[in-house]
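Results of the structural survey
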2 protein chains.
Amino acid sequence: MLRNIPKVKRYDVFELVYAGKTEGNPFIDYDIKAVFKGESEEVEVNGFYDGFGNYVVRFMPSFMGEYEYSVSGSFSDETYNGTFKVIAADKKNHGPVRVSDTYHFAYDDGTPYYSVGTTCYVWELRDDKLIAETLKSLEKAGFNKIRFCIFPKHYVYNLDEPRSYPFEGTPVGSYLITPENFMEYDYKTQGNNWDFERFNPAHFQHIEKCIKELKKIGVEADLIVFHPYDRWGFSNLPREVEVRYLDYIINRFAAFSNVWWSMANEFDILPNRDDSVWNFYGEYFKEHDPYNHLRSIHNCLRVFNHSEPWITHVSYQRTDLYKTAEDTDGLREKYGKPVVLDEIAYEGNIQCGWGNIPGEEMVRRFWEGAMRGGYPGHGETFLSDDGILWWSHGGKLHGESWKRVKFLLKILCETPGHGLKKVPAEWDCVTAVCEDDILAAETGYRIDYYSFMRPGYRGFNMKDDSLYEVEVIDTWNMTVKKAGTFSGKFKIELPGKPYMAIRLKKV
Amino acid sequence: MLRNIPKVKRYDVFELVYAGKTEGNPFIDYDIKAVFKGESEEVEVNGFYDGFGNYVVRFMPSFMGEYEYSVSGSFSDETYNGTFKVIAADKKNHGPVRVSDTYHFAYDDGTPYYSVGTTCYVWELRDDKLIAETLKSLEKAGFNKIRFCIFPKHYVYNLDEPRSYPFEGTPVGSYLITPENFMEYDYKTQGNNWDFERFNPAHFQHIEKCIKELKKIGVEADLIVFHPYDRWGFSNLPREVEVRYLDYIINRFAAFSNVWWSMANEFDILPNRDDSVWNFYGEYFKEHDPYNHLRSIHNCLRVFNHSEPWITHVSYQRTDLYKTAEDTDGLREKYGKPVVLDEIAYEGNIQCGWGNIPGEEMVRRFWEGAMRGGYPGHGETFLSDDGILWWSHGGKLHGESWKRVKFLLKILCETPGHGLKKVPAEWDCVTAVCEDDILAAETGYRIDYYSFMRPGYRGFNMKDDSLYEVEVIDTWNMTVKKAGTFSGKFKIELPGKPYMAIRLKKV
C-alpha cells in the first residue's frame, strides 16, 4: 500500500485539485482550505478557485517524511483527507530564500544566497518565444533574481496590450495611445470594462508557469504586487478588491519556493493610498503567507520607512543621479536589514537619465554595492527597432554589464562564511571583510575595491605576523591574478586602470 | 621736458628703487611708503627691502594719464617726488580679475574672465629648465590660472629641497627623509636654522619673475600664502613673523595685476590656528592690498565659512570621493559668491584616491562645474620615473583631460553676456542658461549637459514660438555639430555616448 502514496520533493509544490460548486461567483462565494501535517510542521493554507469548477490547494513542504492532509471548505460538501510522502529536495532546490545573519540571505536549507538580480517588468506577459529567449538570457548571464509585475504595464516603450489580464473583462485597447500622449491618459474616463469580482485564472496560471521556469534555472521571482504604470485601473482598485487580490496571489503563488513579494514598484507614486495602506498590506502578507516569503517595498523618490517589522529587506531605488550603491552601508546601518539595490539605473541609451548609464558605471555600482555588503540589481534599456527593451520585455541582452554578473557572483560565493561588510580602513577605497568578526579575523579575508579610481600601486601595512596571499582582481575584464604572498609592509602593483580590486587572505 | 618723463602701461608695474639705510635689520628697522596720484586715483602703498641696501616701491596704475608720486619713510632722510605717464594697457593686459555679476569674474577693464585653472604647488621652486617647460605646457593647454605656494612643500613626491627659501638660514637637509618616514618628520626637533627676522629677497625676486612670465601667457597666479606640508617650520611661524610676511608679499607682489591671494591650502590642517586667525589675516589682506586682489581660502575636510566678507570667492576642494563639481550650485546659493573648484581630485595613477581619477572623470567634473556656473580646476598626478608630477612640479602634461580645457574655455567664452547658471529643467541633465535672466530669455541660450549618461536622443518642447539653432557638443572629442533649426516640439539625435551636450540658441 505504502508504495502507492503520492510523493513530492521537499520544497516542491504538492497540489490538490477538486471539482466544486459553481453557482454564483466561485471567486467570492466559496472557500477552500487545508491543513498539512508532518512530523516537523503543521501548516494551514487557503486554496483558490482556478476556473472551470476547479478548486486548488497547494502546499510546499519544508521537511521530509510522511504528511497527512485534510481539505475542507464551502466549495464542497465533502472533506478530503489523505497522506503523502516528502522525499529529499532536488539537488538544486534549497528552498525559499530567508534573511540570514541580519544583512544577508540564505536558502531555507542554509545554503548562502548572494543576490544578483535584474528587472524585466512584464517579461512574462509577452509571447512564448520572447519568454523562452528571456529565460535563456537570464541563465546565460547568471542572474539569480528577477523583478516583475503581476499586472500589465502602461508606460513609454510599454504601450502594447499584454497577453492576458488579471480580471475578467475587456480593456479600452491601445489604439488611442501614443508615446506622446500616454502620460496624460486617464483610464477612468475611458472604456475599460472589468469585472473586479472575477479573476482571470489563465493570467495567473501563466505567471505560475513562468515562476516554475525561473525556479528551474535558479532564479528568484521577485513579484511586484502593485505598480503605478497603468491604463486599466489596476493601480487604484477598490480596497476590498485589492485585499481579495492579495489572498488570490498568496493562495496561488506562495507554495512556489522562489517567490518574493515586492509590495510595490515606486510605492510613492501610486494614487490614493498613504503608508498605512502599505503597512496593512505588508502585515497581511506576513500573516497570511504560510511560508513567510521575503517582503519588500520599492521607492520612487521617497524611501519607505524600512523599520516596519513586515519588511524583511531594503529594496532601494537610486535617489540621486550620481551616487546610489554608495548608500548601501548607510541603509544597512539605518535599518539593520539586508539591502537589495533594486534599481541603480539601467545600462542603455534611451532618452531618460534613469535608462542610459554606461556598462562600466553599472558594473561599478554592482561592485560598490556588493563590497558594502549589499545586493545589486541590473537593468538594461537600449533603443531597439522592435521595441523590445530588456527592462520591461526581456529578450536578448545588448549591453556590457550583464557579462560581468557571474564573475561578481563567483567572487561573492568565495567569501568565507557568509557575506561581506564594509569596514573603515582607507578613505579612498571600499574595504570589504567577512560579516562575521571572528571569521574576518581568522581568515584575514579582505577585498579593497578602487571604483573608478586607478592607483598604480597600493601599500599595505599589516599589523599581524600572518602571511597573506594577495590577488589582483580586474572587475571589468573578469580576471583574478595572483600577486604573491606577503606579510608586514608590502606594495602591490596595479595596472593603473579603473575598476580594480585587491584581495587578501591569510595563508 | 615732457617727452622725458617715464612711461608705464596701464596695469603694468611702475617701480622705484632707492638706496637706503642698512644699519641694523633693514627688514624690520626701516619703512618705505609712497603715494601715487593721478586724475582718477590716489593710491598709498608700502614698499619693501630688497637686500643689498635697496628699497623698492611698486605701483600698478588702473587709469591712463599723468601721475605724481611722493616716496618717503625712515629708510632715507630724503623724500623723493616725481611724475610719470600711464599709457594704454598692453592689448592682452586687462588688469586684475574682479568678481563680476555676483557669481562670475571679469578683468578690471570689464573683459569677462572664465577661470579654467590648474595646480602645480611648487613649480616655481624647481630649476629654470623645468619652469620653462611648465610655462610652455600651461600655454599649450590654455589654462588661465595656476595655484602655487610661496613656501616650499614637504610631502610625498615632494622631498627635494627647493631652489631657495623665504628666510635667511639653512634647512636641516633632506637626507634624513624618505617616502616612508616623511609623515612622522618633526621639524621642531631637527636642525633647521632660520632667521625669521630676515627674508631672503632672492626667493621672492624669483617668484616675481614667475608671476611676470605667467602674466605674459595670460595666466593668473593664485598664490598660496600658507600651507601645512612642511619640514622647515614655515607652517607654524610666530604670529608677528606671519604678519611681517603678509606685509612683505603684499608690498612686493600686489602690484602685479595677475596676483590672487589664496590664504591657505587645506587651512584646516595647519597647526596651531583657529578660524579667527584666518579671518584676521584675510581682513589684513583686504585692508592692506591697495588693488583689492581676489582672496580665498581652500579646505581639506572642513569648508571654511565663506560668508566672511573678506572672502571674494569660494575655493572648494572635493569633500566626497564620488561627487564634487555637483556641489557647485549649492555653494553658489549658500554663499552668493563665485565658486572656484580648486581641486576636484587629480587625473593620474598614484596610490592615493585624490590622485588617480581617469581623464574622462576629470573632464566630466570640469563640465559639471562649469555648467552649474562654477569654475573648475585641473590637476595631474602620474607616476613618473623622474618624480616630476605636474601637481607639484609642473613640467609636461601626461594625461587626457588637459587637452579638453581650451575647448571648454571656448564654449564658455561663447556665452552671451557673462556667465552661466544652472536652472531647474529636466531632472536628468544639467541645464545651463545665461546668468542674466533678461539675456537668457532674449537669447534662449541653453546648454543641456548629460554627464556620464548617454541618451540616444532627447525631446524638446519649447514653450515659445522662436526658432532655435541646435548644436550637439561632444565634450570629450571636442566637436560642435549643427543639428539644424527647430521650434516647438522636436527631437535631437545623439550618438548614445557619454559626455555629450546639446546647445540651443534663438535664431
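Treat the numbers as computed from the prediction; the structure is a model and nothing was measured.

1. Here's the deal with the domain arrangement of chain A
- When the domains of chain A are assigned, the result is domain 1 (2-87), domain 2 (115-413) and domain 3 (420-506).
- Each of domain 1 of chain A and domain 3 of chain A has a C-alpha centre, and the two are 53 Å apart.

2. Looking at the packing of helix H3 (residues 201-216) of chain B against helix H4 (residues 239-253) of chain B
All names here are of chain B.
- At a closest axis distance of 11 Å, the pairing of H3 and H4 adopts a crossing angle of 40 degrees. The angle between the axes of H3 and H4 places the two elements in the oblique class. In the packing of H3 onto H4, the handedness of the crossing is right-handed. Of the residues in H4, those touching H3 at Pro201, Phe204, Gln205, Ile207, Glu208 and Ile211 are Tyr245, Tyr248, Ile249, Arg252 and Phe253.
- Residues of the contact of H3 with H4, tallied by class, amount to eight nonpolar, one polar and two charged.

3. With respect to the confidence of the model for chain A
- Confidence along chain A averages 95 in pLDDT terms, with 97% of residues attaining 70 or more.
- The ipTM assigned to the predicted complex is 0.93, against a pTM of 0.95.

4. Looking at the environment of B:Glu41
All names here are of chain B.
- Residue position: glutamate 41 is located in the loop between strand S3 (33-37) and strand S4 (42-46).
- Remark: the alpha-carbon pair of glutamate 41 and tyrosine 67, spanning 26 residues in sequence, is separated by 9.1 Å.
- Excluding its chain neighbours within four sequence positions, the residues that come into contact with glutamate 41 are Phe36, Phe59, Met60, Pro61, Ser62, Phe63 and Tyr67.
- Of note is the side chain of glutamate 41, whose polar atom sits 2.5 Å from the side chain of tyrosine 67.

5. Here we look at empty space enclosed by the protein
- One pass over the full model with this rule turns up two cavities of 30 Å³ or more.
- Approximately 60 Å³ is the volume found for the largest cavity.
- Along the wall of the largest cavity there are 17 residues; nearest its centre are A:Gly117, A:Leu341, A:Asp342, A:Gly377 and A:His378.
- The set of elements that each furnish at least two residues to the lining of the largest cavity consists of strand S12 (117-119), strand S13 (145-149), strand S20 (339-341) and strand S22 (375-378) of chain A.
- The element that contributes the greatest number of residues to the lining of the largest cavity is S22(A), accounting for four residues.
- For the lining of the largest cavity, the residue count by class is six nonpolar, seven polar and four charged.
- Its boundaries defined by the atoms lining it, the second largest cavity holds a volume of some 50 Å³.
- In terms of lining, the second largest cavity is formed by B:Met362, B:Val363, B:Phe366, B:Trp367, B:His378, B:Ser401, B:Arg404, B:Val405 and B:Leu408.

6. Regarding the relation of the copies chain B and chain A
- Once chain B has been moved 0.0 Å along the axis and rotated by 180 degrees, it coincides with chain A to within an RMSD of 0.0 Å. Read as a symmetry element, the transformation amounts to a two-fold axis.
- A share of 100% of interface residues in chain B that are also interface residues in chain A marks the association as one of identical surfaces.

7. Side note on the nonpolar core
- In terms of nonpolar packing, the biggest core is built from 265 residues, with A:Trp261, A:Met371, B:Trp261 and B:Met371 touching the most fellow members.
- Residues contacting A:Met371, with those up to four places away along its chain left out, are A:Leu408, A:Leu412, A:Leu420, A:Lys421, A:Lys422, A:Val430, A:Ala432, A:Ile447 and A:Tyr449.

8. So, the packing of aromatic side chains
Residue and element names in this part refer to chain A.
- In total, this model carries 129 aromatic pairs over all chains according to the counting rule given.
- Between the aromatic rings of phenylalanine 48 and tyrosine 248, the centroid separation amounts to 5.8 Å while the plane-to-plane angle is 80 degrees, which identifies the pairing as edge-to-face. Taken as a pair, phenylalanine 48 in strand S5 (residues 48-49) and tyrosine 248 in helix H4 (residues 239-253) lie far apart in primary sequence, 200 residues in all. There is no split in this pair, since phenylalanine 48 and tyrosine 248 are both buried.

9. Comments concerning the environment of A:Glu139
Residues and elements named next belong to chain A.
- With respect to the helices and strands, glutamate 139 occurs in helix H2 (residues 128-141).
- Overall, glutamate 139 belongs to the partly exposed group, its relative accessible area being 47%.
- A sequence separation of 80 residues divides glutamate 139 from valine 219, and the C-alpha atoms of the two residues are 8.3 Å apart.
- With near-sequence residues (within four places) excluded, glutamate 139 lies in contact with Ile217 and Lys406.

10. Observations regarding the sheet that holds strand S17 (residues 259-264) of chain A
Residue and element names in this part refer to chain A.
- Strand order in the open sheet formed by eight strands is S18-S17-S16-S13-S12-S22-S20-S19, with parallel pairing between adjacent strands. At either end of the open sheet lies a strand with only one pairing partner, and these are strand S18 (295-296) and strand S19 (314-315).
- For strand S16 (residues 220-226) and S17, the ladder comprises five bridges, and the chain directions are parallel. If you follow leucine 223 over to S17, its bridge partner there is tryptophan 261.
- Contacting S12, S20 and S22, helix H7 (residues 359-371) runs over the sheet at an angle of about 160 degrees to S22.

11. Observations regarding H2(A)
Residue and element names in this part refer to chain A.
- Its 14 residues give H2 an end-to-end C-alpha distance of 20 Å, which sits within 8% of 20 Å, the value for a rise of 1.5 Å per residue.
- Residues Leu130, Ile131, Thr134, Leu135, Ser137, Leu138 and Ala141 constitute the buried set of H2. For H2, the angular spread of buried residues about the axis comes to 165 degrees, placing them on one side. With respect to the buried face of H2, the exposed residues turned more than 90 degrees away are Lys129, Lys136 and Lys140.
- Next to the buried residues of H2 lie S12, S13, helix H3 (201-216), helix H8 (390-393) and helix H9 (405-413).
- Among the residues of H2, the N-terminal cap falls to aspartate 127, whose side-chain oxygen and the backbone nitrogen of lysine 129 are separated by 3.1 Å.

12. Here's the deal with the interface of chain B and chain A
- On the chain A side, the residues contacting the 40 residues of chain B number 40 residues.
- Carbon and sulfur atoms supply 60% of the area that chain B and chain A bury against each other, a total of about 2900 Å² over both sides.
- Summed over the three residues of chain B that lose the most area to chain A, namely B:Tyr322, B:Phe452 and B:Arg454, the buried surface amounts to 26% of that side.
- There are two salt bridges connecting chain B and chain A.
- Across the salt bridge formed by A:Asp320 and B:Lys323, the nearest N and O atoms sit 2.6 Å from each other.

13. Here's the deal with the sheet that holds strand S13 (residues 145-149) of chain B
All names here are of chain B.
- One open sheet holds the eight strands; their spatial order is S18-S17-S16-S13-S12-S22-S20-S19, and the pairing between them is parallel. Where the open sheet ends on each side, the last strands, each with one partner, are strand S18 (295-296) and strand S19 (314-315).
- As paired strands, strand S12 (residues 117-119) and strand S22 (residues 375-378) are joined by two bridges and run parallel to one another. Residue pairing in the sheet places threonine 118 in a bridge with histidine 378 of S22.
- The strands touched by helix H5 (residues 275-288) are strand S16 (220-226), strand S17 (259-264) and S18; relative to S17, the strand with the most contacts, the crossing angle is about 165 degrees.
- Sheet strands in contact with helix H7 (residues 359-371) are S12, strand S20 (339-341) and S22, and its direction is about 160 degrees off that of S22.

14. Brief notes about the pattern of salt bridges
- Applying the stated criterion across every chain, the model contains 83 salt bridges over all chains.
- Notably, a salt bridge pairs A:Glu242 with A:Arg239, separated by 3.4 Å at the nearest N-O pair. You can see A:Glu242 and its partner A:Arg239 sitting in helix H4, three residues apart, about one turn around the helix.
- In this structure, B:Arg98 engages B:Asp108 in a salt bridge whose closest nitrogen and oxygen atoms are separated by 3.0 Å. Note that B:Arg98 is positioned in strand S9 (residues 97-100) and B:Asp108 in the loop between strand S10 (104-107) and strand S11 (112-113), a separation of 10 residues in sequence.
- Within the structure, one salt-bridge network assembled from shared partners comprises A:Glu326, A:Asp329, A:Glu361, A:Arg364, A:Arg365, A:Glu368, A:Arg372 and A:Lys422.

15. Focus on the side chain of A:Gln317
All names here are of chain A.
- As for its position among the elements, glutamine 317 is in the loop between S19 and helix H6 (328-335).
- According to the relative accessible area criterion, glutamine 317 is buried, its value standing at 5%.
- A distance of 2.7 Å separates a polar atom in the side chain of glutamine 317 from the backbone oxygen of asparagine 299.
- What glutamine 317 contacts, discounting residues up to four positions off in sequence, is Glu266, His298, Asn299, Cys300 and Glu343.

Scoring rules and cut-offs
- Residues numbered from 1 in each chain as written.
- Chains lettered and ligands numbered in written order.
- Predicted model: local features only at pLDDT ≥ 70, side-chain atom pairs only at ≥ 80, totals over all residues.
- Heavy atoms only, no water.
- Domains from an automatic or database assignment.
- Axes fitted to C-alpha atoms, helices over the stretch in contact; angles between N-to-C directions.
- Helix = DSSP H or I, 4+ residues; strand = E, 2+ residues; numbered from the N terminus.
- Parallel < 35°, antiparallel > 145°, perpendicular 65-115°, else oblique.
- Left-handed = near helix turned anticlockwise from the far one by under 90°.
- Contact = heavy atoms within 4.5 Å.
- Nonpolar A, V, L, I, M, F, W, Y, C, P; charged D, E, K, R; others polar.
- pLDDT = per-residue confidence, 0-100.
- Polar contact = N/O pair within 3.5 Å; in protein donor to acceptor, adjacent residues only side chain to side chain.
- 1 Å grid on protein atoms, 1.4 Å probe; cavity = no way out; pocket = protein on both sides within 12 Å on 5 of 7 lines; lining within 4 Å.
- Points joined across faces, edges and corners; volume = space filled by probe spheres on them.
- Least-squares fit on C-alpha atoms with pLDDT ≥ 70 in both.
- Core = buried A, V, L, I, M, F, W, Y, C linked by side-chain atoms within 4.5 Å.
- Buried < 20%, exposed > 50% of the residue type's maximum accessible area, 1.4 Å probe, protein only.
- Phe/Tyr/Trp six-rings, centres within 6.5 Å; stacked < 30°, edge-to-face > 60°.
- Pairing = 2+ DSSP bridges.
- Expected span 1.5 Å × (residues − 1).
- Arc of directions from axis to C-beta.
- Buried area = accessible area lost by both parts, 1.4 Å probe.
- Salt bridge = Lys/Arg side-chain N within 4 Å of Asp/Glu carboxyl O.

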